[in-house]
Amino acid sequence: MPGDSTQININSGGTAKNTFDAIVIGSGISGGWAAKELCEKGLKTLVLERGKNVVHLKDYPTATKDPWDFTHRLRMPLKVEKENPIVSRCYALSEATEHFFVKDKQHPYVQEKPFDWIRGYQVGGKSLLWARATQRWSKYDFEGPGRDGFAVEWPITYDELAPWYSHVEKFAGISGNMDGLDTMPDGEFLPPWELNTVEKELQQKINSNYKDRNVIIGRCAHLTKPNQIHLDQGRQQCQGRTMCDRGCPFGGYFSSNASTLPWAEKTGNLTLRPDSVVHSIIYDEKKQKATGVRVIDAHTKVATEYFAKVIFVNAACLNSNLVLLNSTSSRFPNGLGNDNGLLGKYVAFHNYRGTLTADVDGHLDQYYYGRKPTGAMMPNFRNVHKQEMDFLRGYMVHYSAGRRTGDGSNKEDIGGAYKDAMSEPGGWGVFMMMQGETIPKESNHLRLSKDEKDEWGIPLLVTSVAYDDNDEKLLKDFLEQGQEMLTKAGCKNIRTNDSKQAPGLDIHEMGGVRMGKDPATSLLDKNNAMHHCKNVFVTDGASMVSTSTQNPSLTFMALTARAANYAVDELKKGNL
Ligand SMILES: Cc1cc2nc3c(=O)[nH]c(=O)nc-3n(C[C@H](O)[C@H](O)[C@H](O)COP(=O)(O)OP(=O)(O)OC[C@H]3O[C@@H](n4cnc5c(N)ncnc54)[C@H](O)[C@@H]3O)c2cc1C
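Residues numbered from 1 in each chain as written. Predicted model: local features only at pLDDT ≥ 70, side-chain atom pairs only at ≥ 80, totals over all residues. Heavy atoms only, no water.

Overview of the sheet that holds strand β1 (residues 22–25)
So, point 1. One open sheet accounts for 6 strands, arranged β7-β2-β1-β11-β23-β22; its pairing is mixed. Each end of this open sheet is capped by a strand with a single partner; those strands are β7 (270–273) and β22 (529–530).
So, point 2. Both strand β11 (residues 310–313) and strand β23 (residues 533–538) contribute to a ladder of 3 bridges, which runs parallel. Each residue of the ladder has a partner; that of I311, found in β23, is V536.
So, point 3. The strands touched by helix α12 (residues 553–572) within the sheet are β11 and β23, with β11 carrying the most contacts at an inclination of about 170°. (Pairing = 2+ DSSP bridges. Helix = DSSP H or I, 4+ residues; strand = E, 2+ residues; numbered from the N terminus. Contact = heavy atoms within 4.5 Å. Axes fitted to C-alpha atoms, helices over the stretch in contact; angles between N-to-C directions.)

Listed below in structure tokens is the structure:
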């Protein structure tokens, strides 16, 4: 049986010692939120994290280094790139961040179809590395599958989630402008960043040329002006260093390490166990619920069981699928809660393949101060109110403009004249990219390898996820529209690019354990509890029905906070 989850040697430290009110699997963005909410509500909560501990401030070894402090001036050595082709494709990998990324050989998986699985195994997970773009999903995103007849209907509406968006935004600290767009609802914002002069010019020209398009300043998880709740977390105003993915000494951006985990710890209810690889969830047939989890120590490989009344699965989409698929029992031979055989299926992601670059004449007397951590955003304008294109759904657009380095007067890329030229700002350039919704399909799936295991005795994950014709049409439309918008905005030398990157490199993987109204076609109910194992909650990307065109992590946070509060209420009522 895959995983053989009942067949591992247990060296348990005694049931009472290993018993908590709640267990959270994973300490990243969603796990941190589960920990905060459950601990605040008084539950003794064990957070199990497979990676090493990363303590805010103490474990950010590169946070204050300058480029010349790095042997290769931040570039990864070619040898490392060659040995790690998957993670090397992630733009954020550098000498300053490599300690937060999983290297290819450390944690292998099987790519039945090309899939770049980018991971951060440590306390804080990918919350240390993320780009912090945070927009609410709109009612159109939640209504999409039902209206357009793909996947299944979302069991919740935007209005049901809206108070939870507010809840997490206030605590995390989200900067943004009140733009009044129903395609990207406003939130509880800290002051917005400001577009630079060329970004503003493009905004004005695009907005005035198109009735259906609205360029706005990006929304992001940065403390532009901290409120008391942020100061209480020990966080300070963002300094605009854009060295975020090294860990921020100011706590200027939201990470589990700077925000939710220390907050949970302050309650006295948190037990955090790094180096604890969750193997599977224990299901008790008599009680008809989960009673705990099996854990393998990352270093000693000793197995231990931990017990709790409530279990939150927050290992990030693919690993949450893996843990559940590996949680087999005679009641659930194909994975926990998997009566309908859909566990691991309908995995989707974001289509990031299309980009454009262009030049902008003039503005040579204009510069900008500091390094803002966000650019311009444009919510999706395709198929919003009704189906009108030859593809389903749409894409949002991100763009930014900046001055190039070097005034172009140098003839050679070496010597004094080159150095002098490089100390002057060059002309303006624009970079534009798409973030396209992909349609969840049964064929895009994850499963466990039947014959290969990792060094912790856990079957390797097989990824079988690919683009389809809809993605190609969407990409083509973006490249045409991007070209048209930049032309209308007066840009020159417009170049389009299809990166042809594999799914996964977007790092927005979602689905496999989707929510839904009907247990025959979904795994989770409207509160993220498993239909067939009510005390197990999955609240990360795995639970998503569809992907929207918006960034996903703010929605994972809101769903997690909502589910945690529901779980506490149910516990109090004696229902779990
Ligand atoms: C470079 C980069 C840029 C990004 N930019 C954005 C952005 O701008 N906006 C946005 O919304 N999202 C962005 N993301 C995605 C975002 O980081 C993820 O959506 C988010 O971190 C997911 O939260 P999570 O809790 O599901 O997973 P994670 O934050 O990855 O945390 C999961 C944790 O679970 C642990 N774990 C896994 N398996 C086990 C196991 N078996 N036992 C115990 N622990 C386990 C992992 O080690 C990890 O710490 C970006 C990601 C990256 C890497």
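Read on for the rest.
Observations regarding the site of the ligand
So, point 1. Residues in close proximity to the ligand total 37 residues, the closest being S30, E49, A131, V278 and S553.
So, point 2. Take S30: an N or O atom from its side chain is 2.7 Å from an oxygen atom of the ligand.
So, point 3. At a separation of 2.6 Å, an oxygen atom of the ligand approaches a polar side-chain atom of E49.
So, point 4. For the ligand, whose unbound accessible area comes to 990 Å², protein coverage reaches 97%.
So, point 5. Within the residue set of the shell around the ligand, elements represented by two or more residues are α1 (29–40), β8 (276–284), α9 (317–325) and α12.
So, point 6. Tallied by class, the residues present in the shell around the ligand amount to 17 nonpolar, 15 polar and 5 charged. (Near = heavy atom within 4 Å. Polar contact = N/O pair within 3.5 Å; in protein donor to acceptor, adjacent residues only side chain to side chain. Areas by Shrake-Rupley, 256 points an atom, 1.4 Å probe, with all protein chains shown as cover. Nonpolar A, V, L, I, M, F, W, Y, C, P; charged D, E, K, R; others polar.)

Some remarks on the pattern of salt bridges
Any two side chains of opposite charge can pair, given that their charged atoms come close.
So, point 1. All chains considered together, the criterion is met by 37 salt bridges.
So, point 2. The residue K473 makes a salt bridge to D469 at a minimum N-O spacing of 3.4 Å. With K473 and D469 both in helix α11 (residues 469–488) and 4 residues apart, this pair spans about one turn of that helix.
So, point 3. The exposure class of D469 is partly exposed, given its relative accessible area of 48%. (Salt bridge = Lys/Arg side-chain N within 4 Å of Asp/Glu carboxyl O. Buried < 20%, exposed > 50% of the residue type's maximum accessible area, 1.4 Å probe, protein only.)

Observations regarding the sheet that holds β8
So, point 1. The strand order across the open sheet formed by 3 strands is β8-β9-β10, and the pairing between neighbours is antiparallel. Of all the strands in the sheet, the pair left with one neighbour each is β8 and β10 (303–307). Averaged over all pairs of adjacent strands, the angle between their axes in this sheet comes to 30°, without regard to strand direction.
So, point 2. Across 5 bridges, the pairing between strand β9 (residues 289–297) and β10 is antiparallel.

Side note on unusual backbone geometry
So, point 1. Of note in the backbone geometry, R393 takes a positive phi value of approximately 60° without being a glycine.
So, point 2. Its location among the elements puts R393 in the loop between β15 (376–378) and β16 (395–405).
So, point 3. Of note in the backbone geometry, N528 takes a positive phi value of approximately 70° without being a glycine.
So, point 4. Along the polypeptide, N528 turns up in the loop between β21 (510–512) and β22.

Re the confidence of the model for the protein chain
So, point 1. With 98% of its residues at a pLDDT of 70 or more, the protein chain shows a mean pLDDT of 96.
So, point 2. Note on residues 1–6: pLDDT under 50 across the span, and 18 contacts to partners over four residues away in sequence or across chains. (pLDDT = per-residue confidence, 0-100.)

A short note on the nonpolar core
So, point 1. Membership of the largest hydrophobic core comes to 100 residues, with the highest contact counts inside it found for I281 and V293.
So, point 2. No other element matches helix α5 (residues 158–172), which puts 7 residues into this core.
So, point 3. Those residues within four positions of V293 in sequence are excluded, and the remaining contacts are I23, I25, L48, V278, S280, I281, I282, T304, E305, Y306 and I311.
So, point 4. In this structure, V198, I206, A358 and A489 belong to the second largest nonpolar core, which totals 33 residues. (Core = buried A, V, L, I, M, F, W, Y, C linked by side-chain atoms within 4.5 Å.)

Here's the deal with the packing of aromatic side chains
How two aromatic rings sit relative to each other is given by the distance of their centres and the angle of their planes.
So, point 1. Counted according to the given criterion, the structure contains 17 aromatic pairs.
So, point 2. Measuring from ring centre to ring centre gives 5.8 Å for W137 and F142, while their planes differ by 40°; the resulting arrangement is tilted. Residue W137 shares its accessibility class with F142, and that shared class is buried.
So, point 3. Centroid distance F537 to Y566: 6.2 Å. Interplanar angle 70°. Geometry classified as edge-to-face. Here the residue F537 occupies a position in strand β23, and Y566 occupies one in helix α12, the gap between them amounting to 29 residues.
So, point 4. For Y566, a relative accessible area of 24% corresponds to the partly exposed category.
So, point 5. The rings of W33, W130, F171, F254 and W263 are connected pair by pair, giving a single aromatic cluster.
So, point 6. Taking NZ or CZ as reference, K36 lies 4.5 Å from the ring centre of F171, over its face. (Phe/Tyr/Trp six-rings, centres within 6.5 Å; stacked < 30°, edge-to-face > 60°. Lys NZ or Arg CZ within 6 Å of the ring centre and 35° of its normal.)

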